[in-house]
Amino acid sequence: MSNICVIGTGYVGLVTGTCFADLGNEVTCLDIDENKIAGLKRGELPIYEPGLEELVKRNRDAGRLKFTTDYTQAVPGAEFVFIAVGTPQGDDGGADLRYVEVAAASIAETLQGHTIIINKSTVPIGTGDWVAGIVERHLPTTPHNLTFAVVSNPEFLREGSAIGDFQVPDRVVLGSTDRSAAERVAELYAPVRTSIIITDLRTAEMIKYASNAILATRISFINEISQICDALGADVKVVAEGMGQDKRIGSQFLQAGIGYGGSCFPKDVKALAYMAEAANCHPQLLLAVMDINQDARRFFVQKLERTLGSVTGRKIGVWGLAFKPNTDDMREAPSLDIISALVRKGAEVKAFDPVATKVAKRLLPGAVEYGNDPYEVVVGADAVLLLTEWNEFKGLDFERVRNSMAQPFLFDGRNLYDPKEMKRLGFTYRSVGRPVVH
Ligand code: UGA
């Protein structure tokens, strides 16, 4: 069993630390945010992630998972120190690395003996070398036996299924100039039994960006196809199914809708394009992927306006605010752009989300109202928009919904419902890239 320290208790840090503790390691999670750590000590989680609360409790009760704000408690004695702090988008589109810098310097000032520093935050290509430089500069001059290695270990966790993704990953990627350090980290992952790719630092960092970029590209690709389907009368859902059966193409990440959001794809595609431009490359595909993603939101609002005539003064009910189901994360959520546009155009919006309402209230225009269930927000509505495909929206009492609306317009931004069934239930139903059933 190993002694591990994880810096940063956001999604990545908290899931990684907790899952390593669950594998039997001694883990200390560190965050400079005292409120977060005080909450975690009481068993209160700063984020919503299915299964995480029980896992934190179990490992905390077993004494394998500790929380602190103090580097001198967490770093000395740890053989592995993971950096999992935020790398927000800087003003110019590049990643803002100030938290990584502070973490690296603080680790250097407190480490003892030989320490392997592992970068888990998504960082620009070349950051591993940069972190090594910071640690080198901040190492105390005495004692003299302080040595370290830097390993890049990008994360591929999805919000909402992060624990499963940690426990059953498709692969683990490790990059380092010190192969033996990478192999030590590989041993930490041995219990999850997956393929492990060991490479150099920059290649590992690039694998992360390229992986997110291809997934975002697939989404923008299918959203572009959905526009063409709309214009030519084909059904994008069946098109994606037909394409996906080809093993070379695969079926995942071909769901058309209102575009990708979240804390990863928007930021990472932008950062990769920024890095490319800074290196005098022309990232034309990445630029198009971002454009198409914005268009998906715009086109959805336009479709609503075309069907209703105008949205001014109209009552619009909204189902779902989070950028995807099973999370309360609202970062870059398509709902933010769509609802803001509607409010700007004079619509009265009332929204419901199973968990993201609290977060949404801080981000959406003050004029937006919120309901306690999906039925409340459609009472007297001229249209209802499905923006996040939460499970609980699948089996609603649609007769009740239709009967309480002023007009039966249902706009499905995630292609969740069956057009024929919705027509049968009396809705004027519109989705993305699927023919209208008359
Ligand atoms: C994504 C990647 O899937 C993870 O592998 C990666 O580790 C993570 O980013 C990260 O870099 O930290 P996540 O942002 O949690 O994970 O969410 P996804 O499930 O990938 O969905 C992203 C967005 O794409 C959502 O808004 C979702 O609604 C949208 N999406 C996804 C589509 O519009 N269509 C699809 O077919 C799939």
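Values in this document were obtained by computation on a predicted structure and should not be read as measured data.

**Student:** Got a minute to help me understand the overall build of the protein in this structure?
**Tutor:** Across its full length, the protein holds 16 helices and 14 strands. Dimensions of the protein, computed from the C-alpha atoms along their principal axes, are close to 75 × 50 × 40 Å. When the 438 residues of the protein are sorted by exposure, 53% land in the buried category. Within the protein, counting contacts between residues at least 6 apart in sequence, those at least 24 apart form 72% of the total. Summed over all atoms, the accessible surface of the protein reaches about 19400 Å², with 50% contributed by carbon and sulfur. Side-chain charges of the protein comprise 47 positive and 55 negative groups, with the mean position of each set lying 5 Å from the other.

**Student:** What am I meant to see in the packing of aromatic side chains here?
**Tutor:** The description of an aromatic ring pair uses the distance of the two centres, along with the angle that the planes make with each other. In total, this model carries eleven aromatic pairs according to the counting rule given. For the pair Phe20 and Phe166, a centre-to-centre distance of 5.1 Å together with 85° between the ring planes defines the contact as edge-to-face. Here Phe166 lies in helix H7 (residues 162-167) and Phe20 lies in helix H1 (residues 11-22), a separation of 146 residues in the sequence. Exposure remark for Phe20: the relative accessible area of 0% places this residue in the buried category. The exposure class of Phe166 is buried, given its relative accessible area of 5%. A ring pair is formed by Trp319 and Phe393, whose centres lie 5.9 Å apart and whose planes are at 15°; its orientation type is stacked. Residue Trp319 is found in strand S9 (residues 315-319), and its partner Phe393 is found in the loop between strand S12 (383-386) and helix H15 (398-404); the two are separated by 74 residues along the sequence. In terms of burial, Trp319 and Phe393 fall into one category: buried. One aromatic cluster is present, formed by Trp319, Phe352, Phe393, Phe398, Tyr417 and Phe427 through successive ring pairs. One cation-aromatic arrangement involves Arg171 over Phe156; the distance from NZ or CZ to the ring centre is 3.5 Å. The aromatic ring of Tyr375 is capped on one face by Arg400, whose charged end is 3.8 Å from the ring centroid.

**Student:** It is not clear to me how the packing of helix H9 (residues 201-232) against helix H12 (residues 284-308) should be interpreted in this structure. Could you clarify?
**Tutor:** Describing two packed helices takes the angle between their axes plus the distance from one axis to the other. Across the interface, H9 lies against H12 with an axial gap of 9 Å and an inter-helix angle of 45°. Relative to H12, the element H9 lies oblique. You can see that H9 and H12 cross each other, and the crossing is left-handed. Contact with H9, carried on its side by Ala213, Ala216, Thr217, Ser220, Asn223, Glu224, Gln227 and Asp230, involves Leu285, Leu286, Val289, Ile292, Asn293, Ala296, Phe299 and Lys303 of H12 and no other residues of that element.

**Student:** Just to check I follow, could you spell out the site of the ligand for this structure?
**Tutor:** As a matter of local geometry, the ligand sits amid 20 residues, with Glu155, Leu157, Glu159, Lys208 and Asn212 nearest to it. Within the side chain of Asn212, an N or O atom sits 2.7 Å from an oxygen atom of the ligand. Between an oxygen atom of the ligand and a main-chain N or O atom of Leu254, the distance comes to 3.3 Å. If the ligand stood free it would expose 710 Å²; the protein chains cover 92% of that surface.

About the criteria used
- Residues numbered from 1 in each chain as written.
- Predicted model: local features only at pLDDT ≥ 70, side-chain atom pairs only at ≥ 80, totals over all residues.
- Heavy atoms only, no water.
- Helix = DSSP H or I, 4+ residues; strand = E, 2+ residues; numbered from the N terminus.
- Buried < 20%, exposed > 50% of the residue type's maximum accessible area, 1.4 Å probe, protein only.
- Contact = heavy atoms within 4.5 Å.
- Areas by Shrake-Rupley, 256 points an atom, 1.4 Å probe, with all protein chains shown as cover.
- Lys, Arg positive; Asp, Glu negative; His and termini not counted.
- Charge placed at Lys NZ, Arg CZ, Asp CG, Glu CD.
- Phe/Tyr/Trp six-rings, centres within 6.5 Å; stacked < 30°, edge-to-face > 60°.
- Lys NZ or Arg CZ within 6 Å of the ring centre and 35° of its normal.
- Axes fitted to C-alpha atoms, helices over the stretch in contact; angles between N-to-C directions.
- Parallel < 35°, antiparallel > 145°, perpendicular 65-115°, else oblique.
- Left-handed = near helix turned anticlockwise from the far one by under 90°.
- Near = heavy atom within 4 Å.
- Polar contact = N/O pair within 3.5 Å; in protein donor to acceptor, adjacent residues only side chain to side chain.

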